[in-house]
Amino acid sequence: MITNETIFFTQIVSIVGFLVTLFWLYRLLVEQKDATIQLQRANIAFLNDKLVDAKLQSPDVLAQSLAGRVKLFEEELMRLEHDKSSTAQQITAKEAELTCARTEAEALTKKIIHARELLRDYLCPHCGAPLVEKVYHSEPVEYQGRELDIDHDCSTFDCGYEIVDGLERHPCKVQCRSETQNNGRLV
Ligand SMILES: [Zn+2]
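This one's a predicted model, so the numbers in the text were calculated from it and none came from an experiment.

Side note on the pairing of strand S4 (residues 167-170)
Part 1 of the argument: With 3 bridges connecting them, strand S3 (residues 162-164) and S4 associate as antiparallel partners. For Ile163, the partnering residue across the bridge sits in S4 and is Glu168.

Next comes the structure, spelled out in structure tokens:
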């Protein structure tokens, strides 16, 4: 015979079962989101590394625009983390954007490396500052009673580095400054 207590108990069990399933589904969703966020963190770290490369290889404007995008992704990630209603679709879309930016960063780095190879003579070998002047002049000298012209080749770079006939005449100020700073730290 089914008593009222039995009916009540059965209802309680089914309600509890329903809540447990609901909670389990919720946990599953949260875990998936955590995994995706973890992946995004790795992507951002990678993008940051590429950014450091790009900065070391100079073109500031491009590096800055990449920096802006990384910041944007970080902000988006924060938002996704805090917004419990963010969907898997939104996360996937963000991932696609990150992949796109990563591909661009890689292509940029390759282009910069190639450009630097092509521009080697036009950049300071110490800091990468551009060449501001390259002049050739001849100097008349007297040698054993005869007048001779000696050709000189002088390259001046934006950082003060200057080479005359392949020999350093003025040092690179940027390099000197960083060496002074390093020595200061060691003392
Ligand atoms: Zn320099």
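So, the environment of Leu47
Part 1 of the argument: Residue placement: Leu47 occurs in helix H1 (residues 4-56).
Part 2 of the argument: Each C-alpha atom, one on Leu47 and one on Ala105, is 7.3 Å from the other, the two residues being 58 residues apart in sequence.
Part 3 of the argument: Residue contacts for Leu47: discarding those within four places in its chain leaves Val70, Ala101, Arg102 and Ala105.

Regarding the pairing of strand S1 (residues 131-143)
Walk down a regular strand and you will see the side chains alternate between the two sheet faces.
Part 1 of the argument: With 0 of its 13 residues buried, S1 lies for the most part at the surface.
Part 2 of the argument: Where S1 and strand S2 (residues 146-157) come together, 12 bridges link them in antiparallel fashion. Directly across from Pro140, in S2, lies its bridge partner Asp149.
Part 3 of the argument: A loop of 2 residues connects S1 with S2, the two strands running antiparallel in sequence, and Gln144 in this loop sits at a positive phi of about 50°.

Things to note about the nonpolar core
Part 1 of the argument: Among the nonpolar cores identified, the biggest contains 5 residues, and these are Cys124, Phe157, Cys159, Tyr161 and Cys172.
Part 2 of the argument: When near neighbours in sequence (up to four residues on either side) are disregarded, Cys172 contacts Cys124, His126, Cys127, Cys159, Gly160 and Tyr161.

Description of helix H3 (residues 88-118)
Part 1 of the argument: Between its first and last C-alpha, H3 extends 45 Å over 31 residues, near the 45 Å set by a 1.5 Å rise per residue.
Part 2 of the argument: Within H3, the full set of buried residues consists of Ile91, Lys94, Leu98, Ala105 and Leu108.

Definitions and limits used
- Residues numbered from 1 in each chain as written.
- Predicted model: local features only at pLDDT ≥ 70, side-chain atom pairs only at ≥ 80, totals over all residues.
- Pairing = 2+ DSSP bridges.
- Helix = DSSP H or I, 4+ residues; strand = E, 2+ residues; numbered from the N terminus.
- Contact = placed C-beta atoms within 7 Å.
- Buried ≥ 20, exposed ≤ 12 C-beta atoms within 10 Å, placed from the backbone.
- Core = buried A, V, L, I, M, F, W, Y, C linked by C-beta atoms within 7 Å.
- Expected span 1.5 Å × (residues − 1).

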